[in-house]
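Structural description and commentary
So you can see what is in the structure, the chains are spelled out below.
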Amino acid sequence: MKVKPLGNRVLVKKLEEEERRTPGGIVLPESVKDEKAIKGEVVALGTSEKFEVKEGDKILISAYSGTEIRMGEEKYLLVKTTDILAIVEE
Amino acid sequence: MKVKPLGNRVLVKKLEEEERRTPGGIVLPESVKDEKAIKGEVVALGTSEKFEVKEGDKILISAYSGTEIRMGEEKYLLVKTTDILAIVEE
Amino acid sequence: MKVKPLGNRVLVKKLEEEERRTPGGIVLPESVKDEKAIKGEVVALGTSEKFEVKEGDKILISAYSGTEIRMGEEKYLLVKTTDILAIVEE
Amino acid sequence: MKVKPLGNRVLVKKLEEEERRTPGGIVLPESVKDEKAIKGEVVALGTSEKFEVKEGDKILISAYSGTEIRMGEEKYLLVKTTDILAIVEE
Amino acid sequence: MKVKPLGNRVLVKKLEEEERRTPGGIVLPESVKDEKAIKGEVVALGTSEKFEVKEGDKILISAYSGTEIRMGEEKYLLVKTTDILAIVEE
Amino acid sequence: MKVKPLGNRVLVKKLEEEERRTPGGIVLPESVKDEKAIKGEVVALGTSEKFEVKEGDKILISAYSGTEIRMGEEKYLLVKTTDILAIVEE
Amino acid sequence: MKVKPLGNRVLVKKLEEEERRTPGGIVLPESVKDEKAIKGEVVALGTSEKFEVKEGDKILISAYSGTEIRMGEEKYLLVKTTDILAIVEE
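Residues numbered from 1 in each chain as written. Chains lettered and ligands numbered in written order. Predicted model: local features only at pLDDT ≥ 70, side-chain atom pairs only at ≥ 80, totals over all residues. Heavy atoms only, no water.

**Examining the overall build of chain A**
Our working definition: We count a stretch as a helix when DSSP gives it H or I for four or more residues in a row; a strand needs E for two or more, and each element gets its number in order from the N terminus. The contact definition used throughout considers only heavy atoms, calling two residues in contact when any of these lie within 4.5 Å. Computed with the Shrake-Rupley method and a 1.4 Å probe, the accessible areas treat only the protein chains shown as cover for residues.
Of the regular secondary structure elements, chain A holds two helices and seven strands. Along its sequence from the N terminus, chain A presents helices and strands in the succession β-β-α-α-β-β-β-β-β. Intrachain contacts of chain A at a sequence separation of at least 6 include 65% that bridge at least 24 residues. Split by element, the accessible area of chain A, about 4,400 Å² in all, is 44% carbon and sulfur.

Put into structure tokens, the structure is as follows:
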């Protein structure tokens, strides 16, 4: 089963649960995460021609962006590429 | 009897009730479904020239998109094509 | 007496009361009708050059669209053509 | 004394009080009139070049359109021409 | 001391207190004036090239338009020219 | 220390406290000042090419415009030039 | 680890805690800072071609702008460049 985003949307897997335990990395405490930014991984690009992100990129988006879906145990978001705030490199 | 969508709208049959029982597939639990994304099947395209979806496509849309109608026992939505988030392939 | 819609508006006669009794047709139960879609018949086109509907067409519009007037015992709506969701064929 | 509307506005005299007594005509009962549509007569056009209405036309506008003024005993509205819903012919 | 409006704004002196006593003229009773239209006199034009009003014109504007200032005992409004509804001629 | 506004913004020093005591000038009483217009002096222009005001100009802006900062004992506002209502000349 | 802003966004490190102790500088008291303007330092530019700020610039932004993230002990903001009000030079 596969979800193919349309237009300028990307499919993003939510990462914050794993990342919170990463030492020395970005820490997104509960209070901020609920209101502000969350981390995810791009898993599929939409049908538009140009994207500033590629599959596998770790990204930051506002917690208010996108529409949530769930596949198996994982949470995913369908997000417009213009709502992606930044790429995180490690 | 037939419903022909106008402009860039598509007619979508709601699928989430059947799909919820599909093993290994997308699971949309009550809490998410009420707030976020729902699954449907495109059953008719509007009168615009270009659509990224075709009849028979399984799609995801925001639960806040579209206008609901009922034909017989089934629920349908008239949705603008730009509000379709993704195509689901199985 | 005659009502001539202006611009891209159409005059629509509300049909849901009759239609609700039609067997095998679109059923719009109270709860949905109050919030979502209503059925009507186009009785006059506005002064714009191009319409996707014609007089006599049965259509669906959102219950939130248009401005209501009453002529005799009938209820009518003045609705922008872009707010017509679909044509219903029987 | 004379009121000259500017731009695409027209000056409209409110008619619903007289009209309500017209037999066989459009009846706008209290509940509808307060929320939906009101009838008026165009008494002056603004300074724009093109209007779909002319002085003397009986028209329908949404009860939420325009800005009210009073001259003598009469109530008038200054309304944008794009807010005129229809012309009423008798 | 002089107030020079910028852009498409005009400086308007509020007139309704004097005007209310004018016999046979526009009467703007308290209830309407507070919600709907007020009368003023254009006392200065802004820096844009084209205005449909000139200094000395008596005008009608919505009571919700503009920003109020006070010079001496008089109340003035800085109003965008597009918010002027009509010119009043006597 | 120096604040350089960006784009079409200007830095404005609030003047209303001094001005309120100026005889024969614009008086902005508490009730109006809190809701409507305030007086200021332009102290720096932004990086855009064209401004209708220059440093030293006394101006009027809506009390709802701009973002406040404080330097030493003085209050300043960073305001978009399109939100400046008028220049005051004495 | 590195955060690369996308589009016309910049990454800004919040500075107000240090700055509040700087003698003779901009003082942003609690009440203003919560509602109005905050100071920060640009630490990374986005992927757009043109920015009016560069890395290292001290800037002022509205307290309502941007999305907050936290790296280690520091708070950062991802802010659209058009929301930067001014550069602060010392």
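**Concerning the interface of chain E and chain D**
Note the following rule: By convention, the term buried area covers the 1.4 Å-probe accessible surface removed from two parts as they join, with the contributions of both added. Put simply, a salt bridge is a Lys or Arg side-chain nitrogen that is within 4 Å of an Asp or Glu carboxyl oxygen. Definition of a polar contact: a pair of N or O atoms within 3.5 Å, with one able to donate and the other able to accept a hydrogen when the atoms are protein atoms, and with sequence-neighbouring residues admitted only if both atoms are side-chain atoms. DSSP calls a pair of strands paired once it identifies at least 2 bridges connecting them.
Contact residues are listed per partner, giving 21 residues for chain E and 16 residues for chain D. Overall, the association of chain E and chain D removes approximately 1,700 Å² of surface from exposure, summing both partners, and the carbon and sulfur fraction of that is 61%. Counting the contacts that link chain E with chain D gives one salt bridge. The residue D:Lys4 makes a salt bridge to E:Glu89 at a minimum N-O spacing of 3.6 Å. For the interface between chain E and chain D, the tally reads seven residue pairs in polar contact (both at pLDDT 80 or more). At six residues, the largest contribution of residues to the side of chain E that touches chain D is made by strand 7 (residues 84-89) of chain E. In the sheet, strand 1 (residues 2-5) of chain D pairs with strand 7 of chain E via four bridges, with the strands oriented antiparallel. Bridge pairing in strand 7 of chain E places D:Pro5 opposite E:Ala86.

**Comments concerning the environment of B:Val3**
Of note, B:Val3 is situated in strand 1 (residues 2-5). Residues B:Val3 and B:Gly46, spaced 43 residues apart in sequence, show a C-alpha to C-alpha distance of 9.8 Å.

**So, the sheet that holds strand 6 (residues 74-80) of chain G**
This is how the line gets drawn: Axis lines are fitted to C-alpha atoms, over the contacting stretch for helices. Their N-to-C directions set the angle, which ranges from 0 to 180 degrees.
Strand order in the open sheet made by the seven strands is 1(F)-7(G)-4(G)-3(G)-2(G)-6(G)-5(G), with antiparallel pairing throughout. Two strands bound the open sheet, and with one partner strand each, they are strand 1 (2-5) of chain F together with strand 5 (67-71) of chain G. Pairwise comparison of adjacent strand axes, ignoring direction, gives a mean angle of 40 degrees for this sheet. Relative to strand 7 (residues 84-89) of chain G, strand 4 (residues 58-62) of chain G runs antiparallel, the two sharing four bridges. Within the sheet, the bridge partner assigned to G:Ile59 lies in strand 7 of chain G and is G:Ile87.

**Quick notes on the pattern of salt bridges**
Rule in force here: Throughout this description, buried means an accessible area under 20% of the type-specific maximum (1.4 Å probe, protein chains only), exposed means over 50%, and partly exposed covers the range between.
Under the criterion given, the structure shown has 28 salt bridges over all chains. Between F:Lys54 and F:Asp57 there is a salt bridge, with its nearest N and O atoms 3.0 Å apart. Put simply, G:Lys14 and G:Glu68 hold a salt bridge, and the shortest N to O gap is 2.8 Å. Highlighted residues: G:Lys14 in strand 2 (residues 9-14) and G:Glu68 in strand 5, separated in sequence by 54 residues. Neither residue differs from the other here; G:Lys14 and G:Glu68 are each classed as buried.

**A look at the sheet that holds strand 2 (residues 9-14) of chain C**
A sheet is described by the order of its strands in space; here seven strands give the open sequence 1(B)-7(C)-4(C)-3(C)-2(C)-6(C)-5(C), paired in antiparallel fashion. For this open sheet the edge positions go to strand 1 of chain B together with strand 5 (67-71) of chain C, each flanked by a neighbour on one side alone. This sheet shows a mean twist of 40 degrees between the axes of neighbouring strands, independent of strand direction. Both strand 3 (residues 37-45) of chain C and strand 4 (residues 58-62) of chain C contribute to a ladder of five bridges, which runs antiparallel. Across the sheet, the residue bridging to C:Ala37 is C:Ser62, located in strand 4 of chain C.

**Thoughts on the pairing of strand 5 of chain C**
All names here are of chain C. In terms of burial, strand 5 is largely enclosed, as four of its five residues are buried. Strand direction decides the pairing type here: strand 5 and strand 6 (residues 74-80), joined by five bridges, are antiparallel. Bridged to Met 71 within strand 6 is Glu 74. As consecutive antiparallel partners, strand 5 and strand 6 are separated by two residues, and within that stretch Gly 72 has a phi angle of approximately 60 degrees, a positive value.

**With respect to the confidence of the model for chain A**
It should be kept in mind that the predicted coordinates are not to be read in detail where pLDDT is low. Residue and element names in this part refer to chain A. To be explicit about the condition: In predicted models, pLDDT denotes the confidence assigned by the predictor to each residue on a 0 to 100 scale.
Overall, the predicted model of chain A reaches an average pLDDT of 83, with 78% of residues at or above 70. Throughout residues 18-23 the model reports pLDDT below 50, and contacts reaching past four residues in sequence, or to other chains, amount to seven contacts. Note that pLDDT drops below 50 for residues 28-35; the model gives that stretch 17 contacts with residues more than four away or on any other chain. Taken together, the chains of this predicted complex give a pTM of 0.79 and an interface ipTM of 0.78.

**Section: the interface of chain B and chain A**
You'll often see interface size given as the accessible area lost when the parts meet. Taken together, the contact between chain B and chain A spans 21 residues of the former and 16 residues of the latter. Taken together, both faces of the contact between chain B and chain A bury some 1,700 Å²; the carbon and sulfur share is 62%. Seen at the junction of chain B and chain A, the total is one salt bridge. Taken together, the links from chain B to chain A amount to seven residue pairs in polar contact (both at pLDDT 80 or more). Secondary-structure elements contributing two or more residues to the side of chain B that touches chain A are strand 4 (58-62) and strand 7 (84-89) of chain B. Tallying contributions element by element places strand 7 of chain B first for the side of chain B that touches chain A, with six residues.

**Here we look at the environment of A:Lys4**
Mapped onto the elements, A:Lys4 comes out in strand 1 (residues 2-5). Separated by 61 residues in the primary sequence, A:Lys4 and A:Ser65 place their C-alpha atoms 18 Å from one another. Among residues more than four places away in sequence, those in contact with A:Lys4 are B:Ala86, B:Ile87 and B:Glu89.

**Re the side chain of G:Glu68**
A relative accessible area of 8% means that G:Glu68 is categorised as buried. At a separation of 2.8 Å, a polar atom in the side chain of G:Glu68 contacts the side chain of G:Lys14.

**Here we look at the environment of D:Leu85**
Within the fold, D:Leu85 resides in strand 7 (residues 84-89). In this structure, the C-alpha to C-alpha distance between D:Leu85 and D:Lys58, residues 27 residues apart in sequence, is 11 Å. Ignoring anything within four residues of it in the chain, the contact list for D:Leu85 reads C:Pro5, C:Leu6, C:Arg9, C:Thr67, C:Leu78, D:Leu60, D:Ile61 and D:Ser62.

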